[in-house]
Amino acid sequence: MEVVIAPAQELAVLAAEAIEALLRRRPQAVLGLATGSSPSQVYDELARRHAEGGLSFARARGFMLDEYVGLAADHPERYRNVIAADIAERVDWQADQVQGPDGLASDLSAACAAYERAIADAGGVDLQLLGIGTDGHIAFNEPGSSLASRTRIKTLTTQTRVDNARFFDGDVEQVPTHCLTQGLGTIMEARHLVLLATGRHKAEAVHQLVEGPVSALWPATVMQFHPHATVLVDEAAASRLQLASYYRQTYDSKPAWQGL
Ligand code: GLP
């Protein structure tokens, strides 16, 4: 696992550079898209590179990590709409090139199985962007999630609903109680995981992710088993890392050509 400690804007540029390098090398790449505030500067940087540098998504595909269950099709916080506004509509992506689990399906289990098939049919995810919840969840894999889980319905923890209430007028009652989420096993099949975390409120989750024992209590720790995982954190999110100086030394001496 590689840990890079830098200011938030630099982290966003590093993630965007990795995505641009992938798309230039493989225009038909499959990108894994995260919602939440963590990747928003990455999306800004990608939109800028599309507008100013000709970066094209025209042949690429996008798969979202998760979706709330039951939010109306036109609800602005429905993740499909969030991803459309944050990135898909800002680049040359047609609506059908980006998919997410269908939180409005009448048969949610069938929708989860169909989503797994769609990812597999696309050849799997090349690069998966991730954020992390304060309770250590990735996507919506809350504590207690099976480390081998696949896309399924989950109940959100009170902590996650409180954390996400800021997107719902600060009213936790408006935050859905359930979601569909790629499982940890699903996410682990992506060929490169790039997780972003900023702010002191993420420091404990980041410490557990990188340095804690692998445990369903901190679901992101499963990433320690991934052969190509990159963790991009600012100073505040890195503030509980025991080996921070080693991670800095390693990154500072890394040859530039290596990329993430
Ligand atoms: C949300 C999302 C996750 C996200 C995480 C952190 O609930 N389902 O995909 O990574 O929680 O969100 P944020 O980046 O806004 O802190």
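Computed from a predicted structure; not experimentally measured.

## Observations regarding a nonpolar patch on the surface
Part 1 of the reasoning: Together, L147, V214 and F225 make up an exposed nonpolar region whose accessible area comes to about 260 Å².
Part 2 of the reasoning: Position of F225 among the secondary structure elements: in the loop between α7 (203-211) and β10 (229-233).

## Details of the pairing of strand β9 (residues 192-197)
Part 1 of the reasoning: Counted residue by residue, β9 has six buried out of six residues, so it is predominantly covered.
Part 2 of the reasoning: Both faces of β9 are covered, namely the face carrying H192, V194 and L196 and the face carrying L193, L195 and A197.
Part 3 of the reasoning: Pairing between strand β6 (residues 127-130) and β9: four bridges, direction parallel. Each residue of the ladder has a partner; that of Q128, found in β9, is L193.
Part 4 of the reasoning: With five bridges joining them, β9 and β10 adopt parallel strand pairing. Bridged to L196 within β10 is L232.
Part 5 of the reasoning: One crossover worth recording links β9 to the parallel β10 by way of α7, and it is right-handed.

## Digging into unusual backbone geometry
Phi is mostly negative for residues that are not glycine, and the peptide bonds are mostly trans.
Part 1 of the reasoning: Even without being a glycine, A139 presents a positive backbone phi close to 50 degrees.
Part 2 of the reasoning: Along the chain, the position of A139 falls in the loop between β6 and β7 (152-155).
Part 3 of the reasoning: The residue D169 is not glycine, and still its phi comes out positive at about 55 degrees.
Part 4 of the reasoning: Residue position: D169 is located in the loop between α5 (158-164) and β8 (178-181).
Part 5 of the reasoning: Among the residues examined, D169 registers a relative accessible area of 69% and is labelled exposed.

## Topic: the environment of G32
Part 1 of the reasoning: Considering the arrangement of structural elements, one finds G32 in strand β2 (residues 30-33).
Part 2 of the reasoning: Residue G32 is classed as buried on the basis of its relative accessible area of 2%.
Part 3 of the reasoning: Note: C-alpha distance between G32 and M64 (32 residues apart in sequence) is 5.9 Å.

## What about the pattern of salt bridges?
Part 1 of the reasoning: By the definition in use, this model includes 13 salt bridges.
Part 2 of the reasoning: Residue R48 is joined to E45 by a salt bridge in which the shortest nitrogen-to-oxygen separation is 2.9 Å. Of this pair, R48 and E45 are both found in helix α2 (residues 40-53), three residues apart, which corresponds to roughly one turn of the helix.
Part 3 of the reasoning: Residue R48 is classed as partly exposed on the basis of its relative accessible area of 39%.
Part 4 of the reasoning: Taking the shortest distance from any N to any O, the salt bridge between R49 and E45 comes out at 2.8 Å.

## A word on the site of the ligand
Part 1 of the reasoning: Among the 13 residues in the neighbourhood of the ligand, the closest are listed as S37, S38, D66, R166 and K202.
Part 2 of the reasoning: A distance of 2.5 Å separates an oxygen atom of the ligand from a polar side-chain atom of S38.
Part 3 of the reasoning: Taking H137, its side chain carries an N or O atom lying 3.0 Å from an oxygen atom of the ligand.
Part 4 of the reasoning: Isolated, the ligand exposes 390 Å² of accessible area, and the fraction of that covered by the protein chains is 96%.
Part 5 of the reasoning: Tallied by class, residues from the shell around the ligand come to four nonpolar, six polar and three charged.

## Focus on the sheet that holds strand β4 (residues 66-68)
Part 1 of the reasoning: An order of β4-β8-β7 is seen for the three strands of this open sheet, with the pairing classed as antiparallel. The open sheet has two edge strands with one neighbour each: β4 and β7. Between one strand and the next, the sheet's axes are offset by a mean angle of 30 degrees, whatever the strand orientation.
Part 2 of the reasoning: In terms of strand pairing, β4 meets β8 through three bridges, oriented antiparallel. Among the inter-strand pairings, Y68 is bridged to a residue of β8, identified as C179.

## Some remarks on the packing of aromatic side chains
Part 1 of the reasoning: Applying the stated rule across the entire model yields seven aromatic pairs.
Part 2 of the reasoning: Seen in terms of ring centroids, Y68 and Y79 are 4.7 Å apart; in terms of plane orientation they differ by 45 degrees. Their pairing is tilted. Taken as a pair, Y68 in strand β4 and Y79 in helix α3 (residues 79-86) lie far apart in primary sequence, 11 residues in all.
Part 3 of the reasoning: Taken together through their ring pairs, the aromatic side chains of Y68, Y79, F140 and F168 make up a single cluster.

What counts, and where the lines are drawn
Residues numbered from 1 in each chain as written. Predicted model: local features only at pLDDT ≥ 70, side-chain atom pairs only at ≥ 80, totals over all residues. Heavy atoms only, no water. Patch = residues over 30% accessible without salt bridge, like charges linked within 9 Å, V, L, I, M, F, W, Y side chains within 5 Å. Areas by Shrake-Rupley, 256 points an atom, 1.4 Å probe, with all protein chains shown as cover. Salt bridge = Lys/Arg side-chain N within 4 Å of Asp/Glu carboxyl O. Helix = DSSP H or I, 4+ residues; strand = E, 2+ residues; numbered from the N terminus. Buried < 20%, exposed > 50% of the residue type's maximum accessible area, 1.4 Å probe, protein only. Pairing = 2+ DSSP bridges. Right-handed = clockwise from strand over helix to strand, strands pointing away. Near = heavy atom within 4 Å. Polar contact = N/O pair within 3.5 Å; in protein donor to acceptor, adjacent residues only side chain to side chain. Nonpolar A, V, L, I, M, F, W, Y, C, P; charged D, E, K, R; others polar. Axes fitted to C-alpha atoms, helices over the stretch in contact; angles between N-to-C directions. Phe/Tyr/Trp six-rings, centres within 6.5 Å; stacked < 30°, edge-to-face > 60°.

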